[in-house]
Amino acid sequence: MTGQYDAVILIATALGTGIGLTFLGVLIEFSLRKKLPAPKPELESAETLEMPAELLKEESPAAAAESEERIAPWPTEAEEAAAPAAEIESPPVEAELKPEPAPPPEAVAPYPPEVVLPPEPEHAAPAVAPPIAAPPPEVAPPAKLGLGLRRTRENFLGRLRSAISGRAKVDEIYEGLEEALIAADVGVEASMKLVDAVRTRLKNNANADTIRDVLKSEITAMLAQAERAPADPGEAPLVLMLVGVNGAGKTTTVAKLAKRMKAERDSVLVGAGDTFRAAAIEQLQVWCDRVGVELIKQKQGSDPAAVAFDTVKAAISRKMRTVLIDTAGRLQTKVNLMEELKKVARVMSREIPGAPHETWLVLDATTGQNALSQAKIFADAVPLTGVVLAKLDSTAKGGVVIAVAERLKLPVRFVGIGEGLEDLRPFDAAEFAEALFGEEAGERSASGSYAA
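Values in this document were obtained by computation on a predicted structure and should not be read as measured data.

A.B. asks: Outline the pairing of strand β7 (residues 412–416), listing residues and values.
C.D. replies: For β7, the buried fraction is high: five of the five residues fall into the buried class. Relative to strand β8 (residues 424–426), β7 runs antiparallel, the two sharing three bridges. Each residue of the ladder has a partner; that of G416, found in β8, is L424.

Encoded structure:
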């Protein structure tokens with residue numbers, strides 16, 4: 001029994017001694033940690049320092065041993081007592097590992113120079129030739145005056161043959177000649193003057209050939225008496241205004257004149273003065289684009305005088321050689337519209353003295369003698385200097401050219417004998433008379449002679 005108690009006492013003593021020693025060791029370690037400086041912080045992770053992954057690998061046992069040898073042992077109690085006042089140096093710690101510097105970026109190779117291909121060998125296939133441009137379309141030649149006067153000629157010569165043939169008396173021949181001239185719209189006064197001139201020259205020696213030759217000569221002389229030289233403005237632009245009634249063909253005549261003047265005088269400026277008629281400005285714009293000339297315009301309903309003013313101002317600043325002014329079609333019975341035409345002429349004369357230098361009346365040849373009444377009214381409103389006879393190829397009343405020259409004493413400047421831009425022909429008295437009496441191939445053989 002005593003032995004058992006002894007064993008229990010020994011075990012309890014051993015446990016107490018172990019616990020005491022453990023507690024004492026903890027106290028010693030705690031006191032030492034208080035005296036020592038704070039240890040260096042651990043190295044940051046590779047993610048924070050962006051260290052290479054190789055440095056974070058596990059060290060080998062040999063490397064670990066080397067690391068332990070480099071670390072000095074902790075100081076003993078005797079060393080602490082020998083130097084109580086001095087701070088115990090912390091064991092040397094290996095310098096912080098720094099990440100290896102990143103390798104320099106690889107040099108970028110320069111852009112390769114442009115490769116120059118060697119010339120093709122002589123045996124290489126030849127380059128494909130560009131397609132040959134198609135030749136421009138052939139432009140129809142301008143119509144001849146003889147073709148334009150074909151209807152008038154056929155009408156006139158047919159009546160002339162009927163008047164001369166089968167009549168023995170001279171008075172009857174001359175009466176028939178006068179009727180033929182009046183039927184061709186030569187006019188009563190002009191017809192009587194021509195017949196009297198033929199009678200005076202031939203007296204009683206009247207036959208088909210002599211009547212024809214003398215009548216042609218007298219018509220040429222009558223037309224030539226009305227001719228006059230065109231205006232010469234000198235260094236200033238030549239201002240030409242076209243007037244006429246609705247439907248006479250002014251807009252088309254302006255386009256044909258613009259093409260001719262551009263070829264003869266180099267530069268042309270057109271003014272769209274017809275601001276009353278619907279789509280007149282657009283129609284003239286199409287013509288000017290086709291001809292290749294400039295157009296001065298305003299919106300529909302604008303003041304025609306303002307358009308004329310802008311046109312002559314632009315012509316002066318741009319050094320244009322020719323100005324063409326289109327005007328609205330006016331009935332010769334409308335007094336207010338005729339007054340507006342006078343205003344247009346006055347406005348232009350303020351900018352260019354003497355403008356308009358030419359005022360041409362565009363007449364529709366198909367109207368015959370009615371063209372004379374139109375010309376008289378327009379001549380009272382503005383001083384006319386010439387006549388353009390349009391649509392001469394569409395009528396048998398071409399004799400009105402003679403009536404205009406004799407009665408109004410106005411020169412016929414141009415005649416329209418077709419719809420093309422080239423079909424506006426300068427008027428020539430001798431050419432007109434020759435075309436009026438000439439015959440196309442086959443006509444003479446079909447009709448025999450004038451006396452037949």
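A.B. asks: Give a description of a nonpolar patch on the surface that names residues and reports values.
C.D. replies: Together, L21, L24, I28 and L32 line one region of the surface with nonpolar side chains, adding up to about 340 Å² of accessible area. When you line up the elements, L32 lands in helix α1 (residues 2–35). Judged by its relative accessible area of 31%, L32 falls in the partly exposed class.

A.B. asks: So what about the nonpolar core? Which residues, and what values?
C.D. replies: Counting 102 residues, the largest nonpolar core has F156, L215, I219, L223, V270, M348 and I402 as its most contacted members. The biggest single contributor to this core is helix α9 (residues 208–225), with seven residues. Beyond its immediate chain neighbours, meaning those up to four positions away, L215 contacts F156, L177, L181, L194, V198 and F437.

A.B. asks: Break down the pattern of salt bridges for me, citing the residues and quoting the values.
C.D. replies: According to the stated counting rule, one finds 16 salt bridges in the structure shown. Of the charged contacts, one joins D380 and K376 as a salt bridge, the two residues approaching to 4.0 Å between their closest N and O atoms. Of this pair, D380 and K376 both sit in helix α14 (residues 370–381), four residues apart, which is roughly one turn of that helix.

A.B. asks: Can you explain α9? Please cite residues and give values.
C.D. replies: Counted at 1.5 Å a residue, the expected span for α9 with its 18 residues is 26 Å, and the 26 Å between its end C-alpha atoms agrees. Residues A208, I211, R212, V214, L215, K216, E218, I219, M222 and L223 constitute the buried set of α9.

A.B. asks: Break down the packing of aromatic side chains for me, with residues and values.
C.D. replies: Scanning the model with the defined rule gives two aromatic pairs in all. Between the aromatic rings of W360 and F414, the centroid separation amounts to 5.7 Å while the plane-to-plane angle is 50°, which identifies the pairing as tilted. Note that W360 is positioned in strand β5 (residues 358–364) and F414 in strand β7, a separation of 54 residues in sequence. By relative accessible area, W360 is classed as buried at 4%. Aromatic pair F427 and F432: ring centres 5.5 Å apart, planes at 50°, arrangement tilted. Taken individually, F427 and F432 each receive the classification buried, so the pair is uniform in this respect. One cation-aromatic arrangement involves R290 over W287; the distance from NZ or CZ to the ring centre is 4.8 Å.

How each quantity is defined
- Residues numbered from 1 in each chain as written.
- Predicted model: local features only at pLDDT ≥ 70, side-chain atom pairs only at ≥ 80, totals over all residues.
- Heavy atoms only, no water.
- Buried < 20%, exposed > 50% of the residue type's maximum accessible area, 1.4 Å probe, protein only.
- Helix = DSSP H or I, 4+ residues; strand = E, 2+ residues; numbered from the N terminus.
- Pairing = 2+ DSSP bridges.
- Patch = residues over 30% accessible without salt bridge, like charges linked within 9 Å, V, L, I, M, F, W, Y side chains within 5 Å.
- Areas by Shrake-Rupley, 256 points an atom, 1.4 Å probe, with all protein chains shown as cover.
- Salt bridge = Lys/Arg side-chain N within 4 Å of Asp/Glu carboxyl O.
- Core = buried A, V, L, I, M, F, W, Y, C linked by side-chain atoms within 4.5 Å.
- Contact = heavy atoms within 4.5 Å.
- Expected span 1.5 Å × (residues − 1).
- Phe/Tyr/Trp six-rings, centres within 6.5 Å; stacked < 30°, edge-to-face > 60°.
- Lys NZ or Arg CZ within 6 Å of the ring centre and 35° of its normal.

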